[in-house]
Amino acid sequence: MKEDMTTNGSDLVDPLLGIESALASDAPFAEWRDIVNRAMTFAYRGVEVIAERLPVARPLLAALHLASDERRYRVLGDPVVRDAINESLAWAKAPFLEPPAAVEAILEAAVQALDEGATVAPLETAAARRFRIGNEPYHAWVWWDERSNDVFGKRFRALFEREIAHSISSKPAVLRTPDERLEDTLRSGSRLLAALLPDLARSVLAHVHLVAVVDVNDRRQWGRETRADLCQNVSTHAIPGTIFLSPSPLRSPWHAAEALLHEAAHKKLSDLVFTRPIFRPGFAAATARTIRAVWNSPLSWNSNDWSIDRALFAFHVYVHLGLFFQVVQIRANELQIEYGPLQGMQPARAARAALDRARYLRSELQRTAGDDLGLDGHRLVVWLGGVLEALDPSQPLADPAMHLWLDRYDRETKEIGDLIAQIDLDAPENGSQEVNTPYEQWSVHRIVDHLVQSEVVAAYRVLSILGEAEPPSLPFYDGDRWSVAATSHASFEERAAAFRGIRTFISCTLRGAPPEAFQWTCRTRRTKTLKDIVEDMIDHAYRHVGTLVGRLRAQKGGRAC
């Protein structure tokens, strides 16, 4: 069904202007000029500390003192310079170590850039071509992979390899130069973001100094529009002022605008974290409490158990995206004339998803964060919660958690169904059909039968809980025996259709259930709530996917089906 989009939406946009203003300029958590100035001051003070112990930092301190605001912004905002300052500060706390030689070279080059009155970042100087996402001073430059092999380029590539390359895909990702189409989309996306949310666009983009396009290592895939096994966009606190975008969100200006806002909001919060007690002293993500992002599948390279810092960054960005998609819904018809079709973007649905995720994360942060957050961290959660209430005053779900689980359920219904449908019926059958055979030795046919049978049983349990007047007592399901004793002779396409059909019916049923129904119970070997049943059926199916994929690769001689 087509979503309703108003042609002339100025009357509808006006109430959102105050919310945009809050996210763009409320002090102390959104006023971008103050946050940028604090971040620059933080870096400057860092150079002062380093200069007491590292002689090469003294000329840099003197040059910074004489430089204009713009030149300080370019040099101290440079991701490699900022990283070198951060590493030097760590060294200053342990001066018995040798100062890293690469840092000294970077600081010396930063002095040269300031002395020469450079209007570009030191890292940008060696790029074969200089290209920005817009014409304003706050518009970031775009990484160009063809460049001289200077100390800045080596350092940035090392940062990418350490922090990004192995964490956004099941295989190592690479930096790439954007082609003409990607360049045009980046520019158009930046203009579109400014057209939709002019104050907010400037507020977040001022914290981004570099946009880098990342891609899969297999160049044969570069001609495709989207990437299935690659994060759409990503950034990290460990690489200041930089956002990384894959070609997937660059398929249209609308998706590019969303990606720019998403990652730039992360960098704004990252600068805030540098300068205010958002987290407790000594906070480390590795030892922090976690919050489960229930709408995400757990991947080997991307856990859905988020540390408190990641959950806070996500809460912050989902509030921004809730506003973005509401404005897109109102102004899409008007702006498609210039920026083209939405290319599959569904703004009403996306706004609802962003706001539901924001509500869930706010609740979980308030319940879980404890002393992992500092004083300003708790205040930030309260402030963002106020913005969320203004943006979403009549939310349809008091607790969206179960519907967020169902978002994952629906996505995996398609993914697992498609995987089953691709299986070659004539492929050699490896594996045992004996009841007591260890799971690792099950055949592909048996795994798929077990998946479909488990969905039938889960559906019966869900419908029994919802349909019976009293909590039902249900028989134990012996999945190992069923998968042998009740073997299906249906084709894999038929089994895939059954899998999809059952889950689609159950999803629609659960989405229509009253909120209190998820606490209703049944009795199997123990008492379970409907919430338990839903979580079990989602986790159960996904546990089999890795085994199934591995078995299919083995049948095809190492190639995925």
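The structure we're discussing is the one just above.
Rules used in this analysis
Residues numbered from 1 in each chain as written. Predicted model: local features only at pLDDT ≥ 70, side-chain atom pairs only at ≥ 80, totals over all residues. Heavy atoms only, no water. Phe/Tyr/Trp six-rings, centres within 6.5 Å; stacked < 30°, edge-to-face > 60°. Lys NZ or Arg CZ within 6 Å of the ring centre and 35° of its normal. Salt bridge = Lys/Arg side-chain N within 4 Å of Asp/Glu carboxyl O. Helix = DSSP H or I, 4+ residues; strand = E, 2+ residues; numbered from the N terminus. Buried < 20%, exposed > 50% of the residue type's maximum accessible area, 1.4 Å probe, protein only. 1 Å grid on protein atoms, 1.4 Å probe; cavity = no way out; pocket = protein on both sides within 12 Å on 5 of 7 lines; lining within 4 Å. Points joined across faces, edges and corners; volume = space filled by probe spheres on them. Nonpolar A, V, L, I, M, F, W, Y, C, P; charged D, E, K, R; others polar. Polar contact = N/O pair within 3.5 Å; in protein donor to acceptor, adjacent residues only side chain to side chain. Contact = heavy atoms within 4.5 Å. Core = buried A, V, L, I, M, F, W, Y, C linked by side-chain atoms within 4.5 Å.

Draft legend 1. Region of the structure containing the packing of aromatic side chains. This model, assessed by the stated rule, comprises 13 aromatic pairs. Measuring from centroid to centroid gives 4.7 Å for Phe279 and Phe283, while their planes differ by 20°, and the two rings are stacked. Taken together, the ring pairs in this structure connect Trp141, Trp143, Phe156, Phe160 and Phe244 into an aromatic cluster. One cation-aromatic arrangement involves Arg176 over Trp222; the distance from NZ or CZ to the ring centre is 4.3 Å. The side chain of Arg495 reaches across the aromatic face of Phe492, ending 4.5 Å from its centre.

Draft legend 2. Structural detail: the pattern of salt bridges. On inspection of all chains with the given rule, the structure shows 40 salt bridges. Measuring nitrogen to oxygen at the nearest pair gives 3.2 Å for the salt bridge that ties Arg45 to Glu48. Taken together, the residues span about one helical turn, with Arg45 and Glu48 both in helix α2 (residues 32-51) at a distance of 3 residues. For Arg45, a relative accessible area of 45% gives the class partly exposed. Judged by relative accessible area, which is 27%, Glu48 ranks as partly exposed. Taking the shortest distance from any N to any O, the salt bridge between Arg331 and Glu334 comes out at 2.7 Å. Highlighted residues: Arg331 and Glu334, both in helix α12 (residues 308-339), separated by 3 residues, approximately one helical turn. Looking at Arg331, the relative accessible area reads 16%, which means it is buried. Shared partners join several salt bridges into a network, and the residues in it are Arg352, Asp356, Arg359, Arg362, Glu389 and Asp392.

Draft legend 3. Local environment of the layout of surface pockets. In this structure, the second largest pocket encloses a volume near 480 Å³. Broken down by secondary-structure element, the contributors of at least two residues to the lining of the second largest pocket are α2, α3 (57-66) and α4 (69-76). A total of 8 residues in the lining of the second largest pocket trace back to one element, the largest contributor, which is α2. Broken down by class, the residue content of the lining of the second largest pocket amounts to 10 nonpolar, 3 polar and 7 charged.

Draft legend 4. Molecular detail of the side chain of Glu124. Summarising the element assignment, Glu124 is placed in helix α7 (residues 122-125). Within the structure, the side chain of Glu124 is placed 3.0 Å from the side chain of Arg132, a separation counted as a polar contact. Those residues in contact with Glu124, other than ones at most four positions away along the chain, are Arg130, Arg132 and Trp141.

Draft legend 5. The nonpolar core, seen in detail. The biggest cluster of nonpolar side chains holds 167 residues, and the ones touching the most others in it are Phe244, Phe315, Tyr318 and Leu361. The element contributing the most residues to this core is α12, with 19 residues. Those residues within four positions of Phe315 in sequence are excluded, and the remaining contacts are Ala358, Leu361, Arg362, Leu365, Val381, Leu384, Gly385 and Leu388. Ranked by size, the runner-up nonpolar core spans 18 residues in total, among them Ile416, Leu419, Ile420 and Val444.

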